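Each chain, written out:
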Amino acid sequence: MRRYPRRFLSQLLPLSQLLPLFLLLSTALPLSGCVQANIDVFGTPGVPYKEQVLEGKGRDKILLVTVDGLISEHPRGGLLRSKPSTVQEVASQLAFARRDKSIKALVLKVDSPGGTTTASDLIYHELAEYKKATGVKVVAVMMGLGASGGYYVSLPADHIAAHPTTITGSVGVIFVMPRLAGLLDKLGVGVDVSKSGGLKDMGSPFRPATEEEKRLTDTITKAQAARFLGLVEQHRGLTPEAMKTVATARVFTAQEAKELGLVDSVGYLDESLAKARELAGLQKDARLITYRRRPEANATYYQPAAESTEGQRAAVISMDGLLPPRAGLYYLWGPAYAE
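Every value quoted in this text rests on a predicted model; they were computed, and no experiment measured them. (Residues numbered from 1 in each chain as written. Predicted model: local features only at pLDDT ≥ 70, side-chain atom pairs only at ≥ 80, totals over all residues. Heavy atoms only, no water.)

Digging into the overall build of the protein
Consideration 1: Across its full length, the protein carries ten helices and 14 strands.
Consideration 2: The proportion of buried residues among the 339 residues of the protein is 43%.
Consideration 3: Within the protein, contacts between residues separated by at least 24 positions form 77% of all contacts whose residues are at least 6 apart in sequence.
Consideration 4: A total of about 18,200 Å² of accessible surface is found on the protein, and carbon and sulfur atoms cover 54% of it. (Helix = DSSP H or I, 4+ residues; strand = E, 2+ residues; numbered from the N terminus. Buried < 20%, exposed > 50% of the residue type's maximum accessible area, 1.4 Å probe, protein only. Contact = heavy atoms within 4.5 Å. Areas by Shrake-Rupley, 256 points an atom, 1.4 Å probe, with all protein chains shown as cover.)

This is how it looks when you write it as structure tokens:
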């Protein structure tokens, strides 16, 4: 390990002085849209999807669609280009799949702590509409995380499965409002605001919330949570006792989720694929396909996204675990945001 002389170290700005500045920049700037959370230094502009066969040789097909990471309707930023949002990726793949009548089943592979309420609801809607229009059987399988919005998007499925180590549940909503007032006071920084109505700047990070604003925020949060719980009741038909437990918005292990009725089975991904074949009445040699912008050699169903980096020289700097989420409503398991 390289050692530096004490004289050099003493010239560095103390961490205690750097931290307030970092928090100010990382919180305030994303709210104004001035900072991109990801920097993709290299990359090729998006190209059309191409079908890639992962296994099987039969005529009928099972489509694998993935939902990974934070669910958002906003494009993922890059230095040279932006990448499609989660909503755009899923909606585009489902639209592409509608043209292929040989697709008889769809497996939705989810590994997500959730995301914004709107993005989660859009993916839920797109999947429900695809299922209604095509009659395709849908199996959702949650991997490491299928919490909050990650569970919400799984609700239209005919069968929901969890991996043995899945963390799921968190059926609720959180209203995130970063606060900078105390930090700004310490830095000697003030913010002047001119507003047309008393509540126009409700949720401002530059001052404490009033009691009226807290009451209004709670009302909005409860309304969004009621929608989530209503959909769980509609799709899963839980007992009143189970609904009461789920309404606490806590997370559950895979086995606990099965006992409550949130999921139908606990097992591995290959078992979920077998279930999809069973529900659709397919032979064992049915082709498992996925859509990728750049098909990869030796691809498996564990690879996460439609965006492939094979053959590209890519350097990605991600700050998702450092920057707080932008203000707003989230179907999100908070502790997992740093994931």
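Points about the side chain of Thr66
Consideration 1: By secondary structure assignment, the location of Thr66 is in strand β3 (residues 61–68).
Consideration 2: Exposure remark for Thr66: the relative accessible area of 13% places this residue in the buried category.
Consideration 3: Within the structure, Thr66 has its side chain in polar contact with the side chain of Asp68 (distance 3.5 Å). (Polar contact = N/O pair within 3.5 Å; in protein donor to acceptor, adjacent residues only side chain to side chain.)

Remarks on the nonpolar core
Consideration 1: If you look at the biggest cluster of nonpolar residues, it comprises 50 residues, and the most contacted ones within it are Leu106, Leu108, Tyr151, Val232 and Leu262.
Consideration 2: In this structure, Leu108 is in contact with Val65, Val67, Leu127, Val139, Ala140, Val141, Val153 and Ser154, ignoring residues within four places of it in sequence.
Consideration 3: Among the nonpolar cores identified, the runner-up in size contains 16 residues, and Ala105, Val141, Met143 and Leu273 belong to it. (Core = buried A, V, L, I, M, F, W, Y, C linked by side-chain atoms within 4.5 Å.)

Observations regarding the confidence of the model for the protein
Consideration 1: Across the protein, pLDDT averages 79, with 72% of residues at or above 70.
Consideration 2: The low-confidence segment residues 15–45 (pLDDT under 50) makes 64 contacts with residues lying over four places distant or belonging to another chain. (pLDDT = per-residue confidence, 0-100.)

A look at the packing of aromatic side chains
Consideration 1: Within this structure, the stated rule accounts for five aromatic pairs.
Consideration 2: When the ring of Tyr49 is compared with that of Tyr291, the centres are 6.3 Å apart and the planes differ by 35 degrees; the resulting orientation is tilted. Residue Tyr49 is found in the loop between β1 (38–40) and β2 (50–55), and its partner Tyr291 is found in strand β12 (residues 287–292); the two are separated by 242 residues along the sequence. Taken as a pair, Tyr49 and Tyr291 share a single burial class, namely buried.
Consideration 3: Pairing Tyr152 with Phe228 gives two aromatic rings, centres 4.9 Å apart and planes at 65 degrees, and the pair type is edge-to-face. (Phe/Tyr/Trp six-rings, centres within 6.5 Å; stacked < 30°, edge-to-face > 60°.)

Things to note about the pairing of β12
Consideration 1: With five of six residues buried, β12 is to be regarded as a mostly interior element.
Consideration 2: In this sheet, β12 lies alongside β2 in antiparallel orientation, the contact comprising five bridges. Along β12, the bridge assignment pairs Glu55 with Leu288.
Consideration 3: Where β3 lies against β12, four bridges are found, and the strand directions are parallel. Counted as the bridge partner of Ile62 is Leu288 from β12. (Pairing = 2+ DSSP bridges.)

Digging into the environment of Ala97
Consideration 1: Tracing the backbone shows Ala97 in helix α3 (residues 86–97).
Consideration 2: Spatially, the C-alpha atoms of Ala97 and Tyr291 are 9.1 Å apart, while their sequence positions differ by 194 residues.
Consideration 3: Every residue in contact with Ala97, bar those within four places of it in the chain, is listed here: Leu63, Ile103, Tyr130 and Tyr291.

Here's the deal with the packing of α3 against helix α4 (residues 117–134)
Consideration 1: It is the contact of α3 with α4, at a shortest axis distance of 9 Å, that shows an interaxial angle of 5 degrees. It follows that α3 is roughly parallel to α4 by the angle criterion. Of the residues in α4, those touching α3 at Thr86, Val87, Val90, Ala91, Leu94 and Ala97 are Ala119, Leu122, Ile123, Glu126, Leu127 and Tyr130.
Consideration 2: Classifying every residue of the contact of α3 with α4 by side-chain character gives ten nonpolar, one polar and one charged. (Axes fitted to C-alpha atoms, helices over the stretch in contact; angles between N-to-C directions. Parallel < 35°, antiparallel > 145°, perpendicular 65-115°, else oblique. Nonpolar A, V, L, I, M, F, W, Y, C, P; charged D, E, K, R; others polar.)

Structural notes on helix α7 (residues 211–236)
Consideration 1: Over its 26 residues, α7 runs 37 Å from end to end, which matches the ideal 38 Å to within 8%, given 1.5 Å per residue.
Consideration 2: Within the sequence span of α7, burial applies to Glu213, Thr217, Thr221, Ala225, Phe228, Leu229, Leu231, Val232 and Arg236.
Consideration 3: One or two steps after α7, the chain reaches Gly237, where phi turns positive at roughly 55 degrees. (Expected span 1.5 Å × (residues − 1).)

Considerations on the pairing of strand β7 (residues 159–162)
Consideration 1: Side chains His159 and Ala161 project from β7 onto one buried face, and the interleaved Ile160 and Ala162 project onto a second face that is buried too.
Consideration 2: In this sheet, β7 lies alongside strand β6 (residues 137–147) in parallel orientation, the contact comprising four bridges. Paired with Met142 across the two strands is Ala162, which belongs to β7.
Consideration 3: Relative to strand β11 (residues 265–266), β7 runs parallel, the two sharing two bridges. Bridge assignment links Ala162 to a residue of β11, and that residue is Val266.

Remarks on the pattern of salt bridges
For side chains of opposite charge, pairing can occur when their charged atoms come near one another.
Consideration 1: Evaluated as defined, the whole model comprises eight salt bridges.
Consideration 2: Of the charged contacts, one joins Lys131 and Asp158 as a salt bridge, the two residues approaching to 3.0 Å between their closest N and O atoms. Of this pair, Lys131 sits in helix α4 while Asp158 sits in the loop between α5 (149–152) and β7, and the two are 27 residues apart along the sequence.
Consideration 3: Judged by its relative accessible area of 24%, Lys131 falls in the partly exposed class.
Consideration 4: The class for Asp158 is partly exposed, based on a relative accessible area of 32%.
Consideration 5: With a shortest N-O distance of 3.4 Å, Lys275 and Glu278 are connected by a salt bridge. Highlighted residues: Lys275 and Glu278, both in helix α10 (residues 269–280), separated by three residues, approximately one helical turn.
Consideration 6: In this structure Lys275 comes out as partly exposed when scored by relative accessible area, which is 23%.
Consideration 7: Each of Glu51, Lys61 and Asp100 takes part in salt bridges that share partners, so that together they form one network. (Salt bridge = Lys/Arg side-chain N within 4 Å of Asp/Glu carboxyl O.)

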